[in-house]
Amino acid sequence: DARMGAVYDSEDWNFSSRARVQFTLSGTTDSGLEFGAKFRTSDIRNAEDPRNGNRGTVFLSGAFGKITMGDIASASEELFGDLADVGYLGDDQGTAGITFAGLGTNAIPYLTLDNETTSGLMYTYSAGAFSVAAAMTDGHGYGSLAAGTFEADTQSYSVAAAYTFGNYTVGLGHEILDRDGAGLDMSQTELAGMAKFGNTDVKGYYAIGGDENPVDDAIGLSVASAFGATTVKGYVQKVDFVAAGVDSVTWYGLGADYDLGGGAILAAGIQDDDVDGSDPVANMGVKFKF
Amino acid sequence: DARMGAVYDSEDWNFSSRARVQFTLSGTTDSGLEFGAKFRTSDIRNAEDPRNGNRGTVFLSGAFGKITMGDIASASEELFGDLADVGYLGDDQGTAGITFAGLGTNAIPYLTLDNETTSGLMYTYSAGAFSVAAAMTDGHGYGSLAAGTFEADTQSYSVAAAYTFGNYTVGLGHEILDRDGAGLDMSQTELAGMAKFGNTDVKGYYAIGGDENPVDDAIGLSVASAFGATTVKGYVQKVDFVAAGVDSVTWYGLGADYDLGGGAILAAGIQDDDVDGSDPVANMGVKFKF
Amino acid sequence: DARMGAVYDSEDWNFSSRARVQFTLSGTTDSGLEFGAKFRTSDIRNAEDPRNGNRGTVFLSGAFGKITMGDIASASEELFGDLADVGYLGDDQGTAGITFAGLGTNAIPYLTLDNETTSGLMYTYSAGAFSVAAAMTDGHGYGSLAAGTFEADTQSYSVAAAYTFGNYTVGLGHEILDRDGAGLDMSQTELAGMAKFGNTDVKGYYAIGGDENPVDDAIGLSVASAFGATTVKGYVQKVDFVAAGVDSVTWYGLGADYDLGGGAILAAGIQDDDVDGSDPVANMGVKFKF
């Protein structure tokens, strides 16, 4: 895929473009198990690389479910995803005032694995309307973007389940970050709901932090409505922190996509937060799929 | 593409080989706009990467012309290109005595964008015999190889036009490098001419530096003549500097290509300059296209 | 290709996965010479890159034989290869107790080029039952993994020959590492034999170090026997060092592959050495070819 456009970082407009190629490899064993691997040229970056298992994924699937290794998501993110994104940069642009890692975009603030990892393991299984997922890392590597960078002794676990009835899906997830040292163990529980009303998609979640998680609770909602080739999208999220004297923060985004056909989408979006002195950011450009 | 051969750096012969794959992505919108992206595996290098827009390019084109973003050239280089290259390494080998960045090869010393940039923007348009181009960067990133490396506050602009009549093309270009700080603003104007006489291609240019450009003027000429499968090529360039006590420098290259067919070309070249104590460099090898 | 599994490093079990894509480029000249290039996405790593000739290879071949440039092997390794590998990680996992570079896996301890190089040159030629190979580097770049990292003045040479009669192959190779400085010149001679008895492959070698090579001699043997979809494999190697007070070291590996069909292989292996206090290492996983 590729994209090109202009970005306003609350001070200047700048150009921003990107080009990537995705490799999708797949095969089938004699007994009918499916296997494959997936990564992008943009995943090739020295130590963080598909050859080291912390970019891209490898999978094996069959009647037993699907096992995925590599740069996996948390079980909750795997089943619920993120809120509707706005603009042509998606969650690559965040609001100007929020410095807490992982907040400030349409991405839901999952506790674990919401970034590259050193070969985690995910198991997913679907039976009719039910889907379950479980993910873990092995104690080497990244556990959490939000709660800190590389940790040699981080172990992360997550489980999640989702139930779909007609146009509605509800889900529940739980994540644990288990680390050496005082005040480092954290947990988080997420409740998520998705619904489709005609041409409108709605997604909402509520998350409660546990143990030493600096997040007390978080809540968010997004709506995306299609009118012909145009899709109008918006999200709003709010996080309350545990620590006294740390203000809660609210941020939102509003945008529109216009489908040019053939894989090209014109997209514009604006995002802002309620941090004092923080101005809106915006971007406008074209996204291409080939 | 790929290449393999031996290189003489004026002291030793060494081996040198390379392999790359080019990705060329393209699509068409419902209204007939064409879009695409282009980059090579050799463009994938951590921070300088197609995913960051400072390697490879993304484009959108239609009746209005063509907009290209990413690692663009200056408007002048886009329309006039460089002089004929010699040897299997092209402008990857320069003469031994020239230390001024961007000089010493078949490359014309354009002022701006003659190297990677952090997402510049280029506009090109052709109508009959006329072609025009305009390029700019946004104040973040690289502006000029010749005039210095990364500059946070560099803004570069360039415009160029070319007119083709029969086998002749003439062109005029102007480049501006706008930076914070004393003595850093530079400009340059280029006049270029290309002609085809039977199997012989001739290209020449004259460039005049302005503002604080250390280059007073530059002149160059190249000739490439095909005799069956063999093409004999040569170029000569001379740059005069503004500063008193800095000698002007002249350099040249002479080479021959032999087309083996099927995408393989045997190429040899020698290059030298008139810097005191500087000896010739040379290379000989095979270039492959797949 | 790709792989996923779990690795025991003698203390912990960890996950390990990998995904790569191989690019294989080829062409033919009008006169029938074949040329091509080969590298993997995993070879793309900044300075060590196919674009710099120290990852991947480029070749040109014809009736005269085959010339290969880039990340070549030594002549001996080109003709004899390594012992049978065990587990899904191959020689990417070594035993826990051996710190001498290049030892501790199924890889035969060749003296030169047993790792990346800065554009070496290899010549190979086969006539009937005879095969010969010669390899050299040009004095810039890596000469030897076992004997030290990058050396600006390293020149490595190697020649090898192999003769095949029926199911038997015997070979002889000689390698030279020529460097500036006292005690740095080394050499090594290898005698290798390969045989196929029904479904069983046997490979053995004996190597004698010369000049300042720290290795006095080395010996190794591997056996791989196929029983239907299962292949049982094992190797053992022993190295004696020249230096007084440095113990000889013996290490071995034992493993089994189970072919799942379609390019998927289930593989498990255990490796150990006789170094005091060193425990076994192991890995188990799936290897995929696409």
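Criteria and thresholds
- Residues numbered from 1 in each chain as written.
- Chains lettered and ligands numbered in written order.
- Predicted model: local features only at pLDDT ≥ 70, side-chain atom pairs only at ≥ 80, totals over all residues.
- Heavy atoms only, no water.
- Helix = DSSP H or I, 4+ residues; strand = E, 2+ residues; numbered from the N terminus.
- Rg over C-alpha atoms; globule rule 2.2 N^0.38 Å.
- Buried < 20%, exposed > 50% of the residue type's maximum accessible area, 1.4 Å probe, protein only.
- Contact = heavy atoms within 4.5 Å.
- Areas by Shrake-Rupley, 256 points an atom, 1.4 Å probe, with all protein chains shown as cover.
- Lys, Arg positive; Asp, Glu negative; His and termini not counted.
- Charge placed at Lys NZ, Arg CZ, Asp CG, Glu CD.
- Least-squares fit on C-alpha atoms with pLDDT ≥ 70 in both.
- Polar contact = N/O pair within 3.5 Å; in protein donor to acceptor, adjacent residues only side chain to side chain.
- Salt bridge = Lys/Arg side-chain N within 4 Å of Asp/Glu carboxyl O.
- Pairing = 2+ DSSP bridges.
- Buried area = accessible area lost by both parts, 1.4 Å probe.
- Nonpolar A, V, L, I, M, F, W, Y, C, P; charged D, E, K, R; others polar.
- Phe/Tyr/Trp six-rings, centres within 6.5 Å; stacked < 30°, edge-to-face > 60°.
- Lys NZ or Arg CZ within 6 Å of the ring centre and 35° of its normal.

Engineer: Looking at this structure, how should I read the overall build of chain A?
Structural biologist: The number of helices and strands found in chain A is one helix and 17 strands. Against the 2.2 N^0.38 benchmark of 19 Å for 290 residues, chain A shows a C-alpha radius of gyration of 19 Å, consistent with a compact globule. Seen through its C-alpha atoms, chain A measures out along the principal axes to roughly 50 × 50 × 45 Å. For chain A, with 290 residues in total, the buried portion stands at 50%. Excluding contacts between residues fewer than 6 apart, the proportion of contacts in chain A whose partners are at least 24 apart in sequence is 50%. Only carbon and sulfur atoms are counted for the fraction: they give 56% of the accessible area of chain A, which is about 12100 Å². In chain A, 16 side chains carry a positive charge and 40 a negative one; their mean positions are 10 Å apart.

Engineer: Quick question: what am I supposed to make of the relation of the copies chain A and chain C here?
Structural biologist: Here the two chain copies are tied together by a rotation about an axis and a shift along that axis. Under the fitted operation, chain A is carried onto chain C by 0.0 Å of movement along the axis and a turn of 120°, and the coordinates agree to an RMSD of 0.0 Å. Taken together, the rotation angle and the small translation identify this as a three-fold axis. Of the interface residues in chain A, just 9% have counterparts in chain C that sit at the interface too, so the contact is made through distinct surfaces.

Engineer: Could you clarify how one ought to interpret the relation of the copies chain B and chain A in this entry?
Structural biologist: Mapping chain B onto chain A is achieved by rotating through 120° and translating by 0.1 Å along the same axis, at an RMSD of 0.0 Å. In this assembly the copies use different faces: only 9% of the residues contributing to the interface of chain B also contribute to that of chain A.

Engineer: What is the right way to look at the side chain of A:Asn283 in this model?
Structural biologist: Residue and element names in this part refer to chain A. Relative to the helices and strands, Asn283 is located in strand 17 (residues 281-288). For Asn283, a relative accessible area of 2% puts it in the buried group. Of the polar contacts made by the side chain of Asn283, one reaches the side chain of Gln93; its length is 2.6 Å. Discounting residues that sit within four places of it in the chain, Asn283 has contacts with Ala6, Val7, Gly87, Tyr88, Leu89, Gln93, Ala267, Ala268 and Gly269.

Engineer: Even after reading the chapter, I still don't get the pattern of salt bridges, so can you show me in this structure?
Structural biologist: As a working rule, side chains carrying opposite charge can pair if their charged atoms are close by. Within this structure, the stated rule accounts for 24 salt bridges over all chains. Three or more residues are tied together by salt bridges with common partners; here these are A:Asp85, A:Lys233, A:Asp257 and A:Lys287.

Engineer: Would you take a moment to explain the pairing of strand 8 (residues 130-136) of chain C for this structure?
Structural biologist: The two faces of the sheet receive side chains in turn, since in a regular strand these alternate between them. Residue and element names in this part refer to chain C. Going residue by residue along strand 8, you find Ser131, Ala133 and Ala135 tucked away on one face and Phe130, Val132, Ala134 and Met136 left uncovered on the opposite face. Judged from the seven bridges that link them, strand 7 (residues 120-127) and strand 8 form a sheet pairing that is antiparallel. Note that in strand 8 the partner of Ala127 across the bridge is Phe130. Hairpin remark: strand 7 followed by strand 8, antiparallel, with two residues in the connecting loop; positive phi at Gly128, about 60°.

Engineer: I would appreciate a short explanation of the interface of chain A and chain C in the present structure.
Structural biologist: When the parts come together, some accessible area is lost, and that loss is often what is quoted as the size of the interface. Listed per partner, the contact involves 33 residues of chain A and 28 residues of chain C. Across the chain A to chain C interface the summed buried area is about 2300 Å²; carbon plus sulfur atoms make up 70%. On the surface where chain A and chain C come into contact, there are four residue pairs in polar contact (both at pLDDT 80 or more). Of all elements in the fold, only strand 3 (22-28), strand 4 (34-40), strand 5 (57-62), strand 6 (65-70) and strand 7 (120-127) of chain A reach the threshold of two or more residues within the side of chain A that touches chain C. With five residues, strand 3 of chain A is the largest single contributor of residues to the side of chain A that touches chain C. Here the residues of the side of chain A that touches chain C are counted per class, giving 14 nonpolar, 15 polar and four charged.

Engineer: Explain the interface of chain B and chain A here, please?
Structural biologist: Each partner contributes residues to the interface: chain B has 33 residues there, and chain A has 28 residues. Counting each side, the surface lost to burial between chain B and chain A is near 2300 Å², with a carbon and sulfur contribution of 70%. Between chain B and chain A we count zero salt bridges in total. Summed over the shared surface of chain B and chain A, the result is four residue pairs in polar contact (both at pLDDT 80 or more). Sorting the residues of the side of chain B that touches chain A by element identifies strand 3 (22-28), strand 4 (34-40), strand 5 (57-62), strand 6 (65-70) and strand 7 (120-127) of chain B as the ones contributing at least two each. Here the side of chain B that touches chain A gets five residues from one element, more than from any other, and that element is strand 3 of chain B. For the side of chain B that touches chain A, a count of residues per class yields 14 nonpolar, 15 polar and four charged.

Engineer: Teacher, can you tell me more about the packing of aromatic side chains here?
Structural biologist: For any pair of aromatic rings, the description rests on two quantities: the centre-to-centre distance and the angle between the ring planes. Overall, the coordinates contain 33 aromatic pairs over all chains when judged by the stated rule. Ring centres of A:Phe288 and B:Phe35 lie 4.4 Å apart, and the angle between their planes is 10°; this geometry places the pair in the stacked category. Here B:Phe35 lies in strand 4 and A:Phe288 lies in strand 17, a pairing that spans two chains. The exposure class assigned to A:Phe288 is buried, which follows from its relative accessible area of 1%. Taking relative accessible area as the criterion, B:Phe35 reaches 1% and is therefore assigned buried. One aromatic cluster is present, built from ring pairs that chain together A:Phe23, A:Phe39, B:Phe23, B:Phe39, C:Phe23 and C:Phe39. Lying over the aromatic face of A:Phe59, A:Lys66 brings its terminal NZ or CZ to 4.6 Å of the ring centre.

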